[in-house]
Amino acid sequence: MTAASIAGSGVPSTGPGPDGRPAGSVETIDLNGLSNIEFGDTEDELTRRGVLRAGLDTCGPMLTGHDTVSPVFIEDRLVLLWVGAPMRTPEGIAAGSPVDQVWARYRSVTRLRAPHGTQRLDGLLARSGDRAYLFLHDGRTVRKTIAGYADWARRLFDEGVGPC
């Protein structure tokens, strides 16, 4: 991940979003990405389409219209998206969701323990083929969602590298 140029499937929830807004008003991230941004897209392609902004006073490029989303690029390809509330998965999982819901809504979940003595959060990796959601949590509540290529999500967790 140190070489990274740091700059999500299912039935949507019918209830309110995590911030109390109607479910239809909360954007979702799935294992393909966002509605107009897909994993594997290049930085140049996203910039040309006007959805990636660089040169801002931030830790890296930002996605236009997605203030709570941080892209992670490896070798010019989008491999992960860090997302915050109110963004949620199609299964209704977002920052603030109970960890028990992750176990209930995904068929394949792997428990990941943060190294002892660190300030890092534990994780739950919900994998489907070569893609996955990585839910960072405090034991009770999801604190952050990362979606993208499963191998990169696992590597990010193991190495403890964030989007900045």
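Bear in mind that the values here come from a model prediction, so they are computed numbers and not experimental data.

Some points on the nonpolar core
Leu34, Leu81, Val102, Tyr106, Leu134 and Phe135 are the most contacted members of the largest nonpolar core, which has 42 residues in total. Mapped onto this core, the elements with two or more residues apiece are β5 (69-74), β6 (77-83), α2 (99-105), β7 (109-112), β8 (122-128), β9 (131-137), β10 (142-149) and α3 (150-159). The element that contributes the greatest number of residues to this core is β6, accounting for six residues. For Tyr106, the residues in contact, after removing those within four places along its chain, are Thr89, Glu91, Ile93, Ala126, Tyr133 and Phe135.

Remarks on the side chain of His137
Of note, His137 is situated in strand β9. From its side chain, His137 meets the backbone nitrogen of Gly139 in a polar contact 2.9 Å long. Residues in contact with His137, not counting those within four places in the same chain, are Val99, Leu121, Asp122, Gly123, Leu124, Val142 and Arg143.

Brief notes about the environment of Asn36
In this structure, Asn36 sits in the loop between β1 (33-34) and β2 (37-38). Separated by ten residues in the primary sequence, Asn36 and Leu46 place their C-alpha atoms 9.3 Å from one another. Once residues within four sequence positions are removed from consideration, Asn36 is found in contact with Arg49, Val51 and His66.

With respect to the pattern of salt bridges
Evaluated as defined, the whole model comprises eight salt bridges. For Asp122, the salt bridge goes to Arg113, with nearest N and O atoms at 3.7 Å. Residue Asp158 pairs with Arg154 through a salt bridge whose shortest N-O separation is 3.1 Å. Of this pair, Asp158 and Arg154 both sit in helix α3, four residues apart, which is roughly one turn of that helix. On the accessibility criterion, Asp158 (45% relative accessible area) is partly exposed. Salt bridges here are not isolated pairs; linked through shared partners, they connect Asp41, Glu45 and Arg49.

Overview of the environment of Leu78
Within the fold, Leu78 resides in strand β6. The contacts of Leu78, once residues within four sequence positions are left out, are Ile37, Glu38, Phe39, Gly40, Asp41, Pro71, Val72, Phe73 and Tyr149.

As for the confidence of the model for the protein
Looking at the protein as a whole, its pLDDT mean stands at 83, while 79% of the residues score no less than 70. Confidence drops under pLDDT 50 across residues 1-24; counting only partners more than four residues distant or on other chains, this segment forms 69 contacts.

A short note on α3
Inspection of α3 places Ala150, Ala153, Leu156 and Phe157 among the buried residues, and these make up the whole buried set. End-on view of α3: buried residues confined to an arc of 125 degrees, all on one side of the axis. On the buried face of α3, the contacting elements are β6, β7, β8, β9 and β10. Following α3 by one or two positions, Gly160 has its phi on the positive side, about 70 degrees.

Concerning the pairing of β5
The buried count for β5 comes to five of six residues, which makes it a mostly enclosed element. In this sheet, β6 lies alongside β5 in antiparallel orientation, the contact comprising six bridges. Opposite Pro71, over in β6, you have Leu81 as the bridge partner. The loop that links β5 with its antiparallel partner β6 comprises two residues; one of these, Glu75, has a positive phi angle of about 50 degrees.

Calculation notes
Residues numbered from 1 in each chain as written. Predicted model: local features only at pLDDT ≥ 70, side-chain atom pairs only at ≥ 80, totals over all residues. Heavy atoms only, no water. Core = buried A, V, L, I, M, F, W, Y, C linked by side-chain atoms within 4.5 Å. Buried < 20%, exposed > 50% of the residue type's maximum accessible area, 1.4 Å probe, protein only. Helix = DSSP H or I, 4+ residues; strand = E, 2+ residues; numbered from the N terminus. Contact = heavy atoms within 4.5 Å. Polar contact = N/O pair within 3.5 Å; in protein donor to acceptor, adjacent residues only side chain to side chain. Salt bridge = Lys/Arg side-chain N within 4 Å of Asp/Glu carboxyl O. pLDDT = per-residue confidence, 0-100. Arc of directions from axis to C-beta. Pairing = 2+ DSSP bridges.

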